[in-house]
Amino acid sequence: MNKDLTVGNPQKVLWRFCLPLFGSVIFQQLYNLADSWVAGNFINQNALAAVGNSYEITLIFIAFAFGCNIGCSVITSRFFGAKNYGKMKTAISTSLITSGAICGVLMLLGLIFGGFLLNAIHTPANLMADSKLYLDIYIYGLPFVFFYNITTGIFSALGDSKTPFIFLIISSTSNILVDILFVKYTPMQVDGVAWATFLCQGLSCIASMIVLFIRLYKMHLKESFIVFSLEMLKSFLTIAVPSILQQSFISLGNIIIQGVINNFGSDVIAGYAAGVKLNNLVITSYTTLGNGISNFASQNLGAGKNERIKDGFKAGIKMVWLLTLPFFIIYMLLTKYMVAFFIDEPTVEAIAAGSIYLRILAPFYFVVSVKLISDGVLRGGGLMKQFMVGTFTDLILRVVLAILFAKTILGSTGIWCAWPIGWCIATVISVFFYKTSLGRNSKTP
């Protein structure tokens, strides 16, 4: 059901809107967590390492899908808030056509250069075949990843966070069952994990698009709308390209860091593969809530209700800190058990690597959560240059420090220390831009 985010108490409106978004994050992450858990427990530790190794490259593709999601969502919510449904439908159709073209190019490049990327990050020889197999199957399913992301972005722009949540509950739980079915009861191993994800994402994508098109059809217009608009394309790219660059460079940075980690052997790779999935669950939760703040800010900007956005920002901080507290406690106290959950007969070295990684990062979740909420307001207000500065500061610091610290006596532990430093400095920058940009121009909240 469509929801107008421009009326009502901002805090209550955001809580009702963002809670299903957070639930969606949990079930979205079950796709990746399920792959890692099944690979580690039903195949072997090397299979887990291979899935985790390929995962860093798949994040490049997800970066483009995420950027298209944000580009479509922000401009759609702006027109929805302004009650201009004709331009809203033009924004949606233009975004879908453009995203499809981008997806096609990425599939071609991925199938051609996938092996090169795996070699570039120093993938160990004993992991190469499984890593390449998993990556190729993932690329075949890229259209599902793209169009599912776009449809969820549109639902969010319309103030509906419940419909995507329902689809995710069904598809992610199905993915776990199909993962186990394919790996345990067929000759497939890593390829079974990949094909299970392909199948479940595909069904979820098709179902969500059908519901979306029915929803849009019911929003009758007195006049016809333009299917593709160069003006709308420009608006879409203005938001999407910086978001794609942000996520792509983050993914590139993660690939560089993965290459540094790969020099420490399969045990550290497996420990990091488990730890990074658990960390990404937290960061993705923050990012998704930040996206909710973006939709809230953009709808209110479209409606000319700029004063509501400060209240939305404060409510967003309360939400992420309440979310952070249980993650912090669990990751500090139960780390070894959570890392071991992903690995059948784990080595001491693998458990140690994943545990130290999470314990170093967990206290700083309270910091990075503030950055990602600030980023959400900046993005919703169209302040993409300021948004990019904070992101690139974090990325550059993490990559450079990870390379430098890995060469010290700290070894792999030194790599983990790069995260908190980058987060702290980037958070100061993002909050500064949020505070100083309010009311400066018509784009700002």
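Residues numbered from 1 in each chain as written. Predicted model: local features only at pLDDT ≥ 70, side-chain atom pairs only at ≥ 80, totals over all residues. Heavy atoms only, no water.

**Notes on the overall build of the protein**
When helices and strands are tallied, the protein shows 16 helices and zero strands. For 445 residues, the compact-globule estimate of 2.2 N^0.38 gives 22 Å, and the protein sits close to it at 21 Å. Dimensions of the protein along its principal axes, counting C-alpha atoms only, are 65 × 45 × 35 Å. Per element, the accessible surface of the protein, about 17,400 Å² overall, is 71% carbon and sulfur. Positive and negative side-chain charges of the protein, numbering 30 and 18 respectively, have mean locations separated by a distance of 16 Å. (Helix = DSSP H or I, 4+ residues; strand = E, 2+ residues; numbered from the N terminus. Rg over C-alpha atoms; globule rule 2.2 N^0.38 Å. Areas by Shrake-Rupley, 256 points an atom, 1.4 Å probe, with all protein chains shown as cover. Lys, Arg positive; Asp, Glu negative; His and termini not counted. Charge placed at Lys NZ, Arg CZ, Asp CG, Glu CD.)

**A short note on the packing of aromatic side chains**
Evaluated as defined, the whole model comprises 18 aromatic pairs. Note on Phe144 and Phe198: the rings are 5.4 Å apart at their centroids and 70° apart in plane angle, and the pair reads as edge-to-face. Here Phe144, found in helix H5 (residues 142-157), pairs with Phe198, found in helix H7 (residues 190-217); they are 54 residues apart in sequence, far enough to count as distant. By relative accessible area, which is 22% here, Phe144 ends up partly exposed. With a centroid separation of 6.4 Å and 55° between ring planes, the pair formed by Trp416 and Trp419 is classed as tilted. Its relative accessible area of 4% is what places Trp419 among the buried residues. Connected via pairs of aromatic rings, a cluster forms that spans Tyr286, Phe327, Tyr331, Tyr365 and Trp423. (Phe/Tyr/Trp six-rings, centres within 6.5 Å; stacked < 30°, edge-to-face > 60°. Buried < 20%, exposed > 50% of the residue type's maximum accessible area, 1.4 Å probe, protein only.)

**Re the nonpolar core**
Ranked by size, the top nonpolar core spans 62 residues in total, and within it Tyr286, Tyr331, Tyr365, Ile415, Trp416 and Trp419 carry the most contacts. Not counting residues within four places of it along the chain, the set of residues in contact with Tyr286 comprises Val320, Leu323, Thr324, Tyr365, Val368, Ser369 and Leu372. Listed in part, the 37 residues of the second largest apolar core include Cys68, Met107, Leu118 and Ile121. (Core = buried A, V, L, I, M, F, W, Y, C linked by side-chain atoms within 4.5 Å. Contact = heavy atoms within 4.5 Å.)

**Overview of a positive patch on the surface**
Where like charges cluster on the molecular surface, the positive patch consists of Lys310, Lys314, Lys318 and Lys435. Element by element, the count of residues in the positive patch is highest for helix H10 (residues 308-333), at three residues. Secondary-structure assignment places Lys435 in helix H16 (residues 418-437). Overall, Lys435 belongs to the exposed group, its relative accessible area being 54%. (Patch = residues over 30% accessible without salt bridge, like charges linked within 9 Å, V, L, I, M, F, W, Y side chains within 5 Å. Salt bridge = Lys/Arg side-chain N within 4 Å of Asp/Glu carboxyl O.)

**Structural notes on the pattern of salt bridges**
Any two side chains of opposite charge can pair, on the condition that their charged atoms come close. The full count for this structure, using the stated rule, is four salt bridges. Among the salt bridges present, the one from Asp160 reaches Arg215, with a minimum N-O distance of 3.1 Å. One end of the pair, Asp160, is in the loop between H5 and helix H6 (162-185); the other, Arg215, is in helix H7, with 55 residues separating them in the sequence. The class of Arg215 is buried, set by a relative accessible area of 17%. Of the charged contacts, one joins Asp394 and Arg398 as a salt bridge, the two residues approaching to 3.0 Å between their closest N and O atoms. Separated by four residues within a single helix, Asp394 and Arg398 lie in helix H14 (residues 384-406), roughly one turn from each other. Residue classification places Arg398 among the buried residues on the basis of a relative accessible area of 6%.

**Brief notes about the packing of H5 against H7**
Between H5 and H7, whose axes approach to 9 Å, the crossing angle comes to 40°. Note that H5 runs across H7; the crossing there is left-handed. Residue-level contacts link Pro143, Phe144, Val145, Phe147, Tyr148, Thr151, Ile154 and Phe155 of H5 to Phe198, Gln201, Gly202, Ser204, Cys205, Ser208, Met209, Val211, Leu212 and Arg215 of H7. (Axes fitted to C-alpha atoms, helices over the stretch in contact; angles between N-to-C directions. Left-handed = near helix turned anticlockwise from the far one by under 90°.)

**Regarding the confidence of the model for the protein**
Where the model shows low pLDDT, its predicted coordinates should not be examined in detail. Per-residue confidence for the protein gives a mean pLDDT of 83, with 93% of residues at or over 70. Counting contacts from residues 439-445, a segment whose pLDDT is below 50, to residues more than four positions away or on other chains yields 18 contacts. (pLDDT = per-residue confidence, 0-100.)

**Comments concerning the side chain of Thr151**
Along the chain, the position of Thr151 falls in helix H5. You can call Thr151 buried: its relative accessible area is 0%. With residues up to four places along the chain from it excluded, the contact list for Thr151 reads Ser208, Met209 and Leu212.

**Focus: the environment of Ile121**
Structurally, Ile121 can be placed in the loop between helix H3 (85-120) and helix H4 (125-140). Between the C-alpha atom of Ile121 and that of Phe213, which follows or precedes it by 92 residues, the distance is 41 Å. Every residue in contact with Ile121, bar those within four places of it in the chain, is listed here: Asn53, Ile57, Ile255, Gln258, Gly259 and Asn262.

**Describing the state of the cysteines**
This model, assessed by the stated rule, comprises zero disulfides. The structure places no disulfide on Cys417, whose sulfur is separated from the nearest cysteine sulfur, that of Cys424, by 12 Å. (Disulfide = S-S within 2.5 Å.)

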